Amino acid sequence: TCVAYNVLALATEINSIFLHGRKLMQMMHFDFHDFRYRIMCYANLVTFVMFRFGSLVVILYGKVVFKNDVSMTYYTAITLSMVIMIPINIILFWRLLKNDVLRYKKESSQHTTKHRYHNGINNNTKDNSSSISPYQNGFAHTDGKSKVM
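Sequence order as written defines residue numbering, which begins from 1 separately in each chain. For this predicted model, a pLDDT threshold of at least 70 governs which residues receive local features, and a threshold of 80 or more governs which side-chain atom pairs are given and counted, while totals over whole chains, interfaces and linings are taken from all residues. Values shown for side chains rest on all heavy atoms present in the structure; no hydrogens or waters enter the calculation.

Asker: Please set out the layout of surface pockets residue by residue, giving values where relevant.
Answerer: Cavity and pocket criteria rest on a 1 Å grid covering protein atoms alone: a 1.4 Å probe that fits but cannot get out defines a cavity, protein on both sides within 12 Å along at least 5 of 7 lines defines an open pocket, and an atom within 4 Å of a point defines a lining residue. Grid points are joined across faces, edges and corners, and a volume is the space filled by probe spheres set on the points. By volume, the largest pocket is sized at about 220 Å³. Residue lining of the largest pocket: 15 residues in total, with A9, L56, I59, M82 and M85 positioned closest to the centre. Secondary structure elements follow DSSP: runs of H or I no shorter than four residues count as helices, runs of E no shorter than two count as strands, and numbering proceeds from the N terminus. Where the lining of the largest pocket is concerned, the elements lending two or more residues are α1 (2-27), α2 (35-65) and α3 (72-116). Here the lining of the largest pocket gets 6 residues from one element, more than from any other, and that element is α3. Here the lining of the largest pocket is built from residues that sort into 8 nonpolar, 5 polar and 2 charged. Ten residues, namely Ala, Val, Leu, Ile, Met, Phe, Trp, Tyr, Cys and Pro, are considered nonpolar, four, namely Asp, Glu, Lys and Arg, are considered charged, and the remaining ones, Gly among them, are considered polar.

Asker: Give me empty space enclosed by the protein: which residues, what numbers.
Answerer: Counting across every chain of the model gives 1 cavity of 30 Å³ or more. Here the largest cavity is characterised by a volume of approximately 50 Å³. Taken together, Y5, G62, K63, F66, K67, V70, Y74, Y75 and I78 form the lining of the largest cavity. At the level of secondary structure, the elements contributing two or more residues to the lining of the largest cavity comprise α2 and α3.

Asker: Go over a nonpolar patch on the surface with me, naming the residues and quoting the values.
Answerer: Only residues whose relative accessible area exceeds 30% and that form no salt bridge are eligible for patches; like-charged ones are grouped when within 9 Å, while nonpolar side chains (Val, Leu, Ile, Met, Phe, Trp, Tyr) are grouped when within 5 Å. Residue burial considers only the protein chains on display, and all accessible areas are found by Shrake-Rupley using a 1.4 Å probe. We count a salt bridge whenever a side-chain nitrogen from Lys or Arg sits within 4 Å of a carboxyl oxygen from Asp or Glu. Together, Y61, V64, V65 and F66 make up an exposed nonpolar region whose accessible area comes to about 420 Å². By secondary structure assignment, the location of Y61 is in helix α2.

Asker: With reference to specific residues and values, describe the pattern of salt bridges.
Answerer: Scanning the model with the defined rule gives 2 salt bridges in all. Of the charged contacts, one joins D100 and R22 as a salt bridge, the two residues approaching to 2.7 Å between their closest N and O atoms. Taken together, the residues D100 in helix α3 and R22 in helix α1 connect sequence positions 78 residues apart. The same class applies to D100 and to R22, which are both buried. Residue R36 is joined to D34 by a salt bridge in which the shortest nitrogen-to-oxygen separation is 3.1 Å. Exposed residues in this analysis have more than 50% of their type's maximum accessible area, buried residues have under 20%, and partly exposed residues fall in between, with area computed by a 1.4 Å probe over protein chains only.

Asker: Go over the packing of aromatic side chains, please, and point to the residues and values.
Answerer: The criterion for an aromatic pair is that two Phe, Tyr or Trp rings (for Trp, the six-membered ring) have centres within 6.5 Å, with stacked assigned to planes under 30 degrees apart, edge-to-face to planes over 60 apart and tilted to the rest. Summed over the entire model, instances satisfying the criterion amount to 4 aromatic pairs. Taken together, a centroid distance of 5.4 Å and an interplanar angle of 75 degrees make the contact between F48 and F53 edge-to-face. Residue classification places F53 among the partly exposed residues on the basis of a relative accessible area of 22%. Centre to centre, the rings of F53 and F93 are 5.5 Å apart; their planes meet at 70 degrees, and the pair counts as edge-to-face. Linking F53 in helix α2 with F93 in helix α3, this pair joins segments that are 40 residues apart in sequence.

Asker: So, α2: which residues are in play, and what are the values?
Answerer: Taking 1.5 Å per residue, 31 residues should reach 45 Å; α2 reaches 44 Å between its end C-alpha atoms and fits that length. Fitting axes to the seven residues ending at a residue and to the seven starting there, one defines the bend at that residue as the angle between these axes. In α2, a bend of some 30 degrees at F48 exceeds every other bend along the element. N or O atoms closer than or at 3.5 Å make up a polar contact, with two conditions inside protein: a donor-capable atom paired with an acceptor-capable one, and, for residues adjacent in sequence, both atoms drawn from side chains. At the N-terminal boundary of α2, the capping side chain belongs to D34, with an oxygen 2.7 Å from the backbone nitrogen of R36. To estimate how far a helix should reach, multiply one less than its number of residues by 1.5 Å.

Asker: So what's going on with the environment of N15? Residues and values would help.
Answerer: Mapped onto the secondary structure, N15 falls in helix α1. Take N15: its relative accessible area is 0%, and that puts it in the buried class. Linking N15 and V49, residues 34 residues apart in sequence, is a C-alpha distance of 8.9 Å. Ignoring any residue separated from it by four or fewer positions in sequence, one finds N15 in contact with N44, T47, F48 and R52. For N15, the side chain forms a polar contact with the side chain of R52, separated by 2.8 Å. We call two residues in contact whenever any of their non-hydrogen atoms come within 4.5 Å of each other.

See the structure below:
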């Protein structure tokens, strides 16, 4: 069982290929919206779940099922490594998710807003009198009446 757990632990290195590939693309100044960068990010997340979380689940399952088949020293070592590896992988996954998926969605929504309001001027209006930002100079213009903000 010792060799099997080590093979599972090495399976996490498959994810490292995509993790380092993503970092290299950042260092080469790939645009975050580039198709190749997006593919690398999603491949990184998929392999992260498969090889990192999948390995942890199998090891935790083996800890429960084969508890009586291993020495107490080995069982303690596996337990301590899981106590360390589970939080590390959760934090790393959250960082990747936040930087690659959530930031991308936020930037996409800001991209459309950015084109509508540039320097406080609404570029989508036909009437020039309403092209002033509603919060310019601390006043909100609603129905022809000004309200102090």
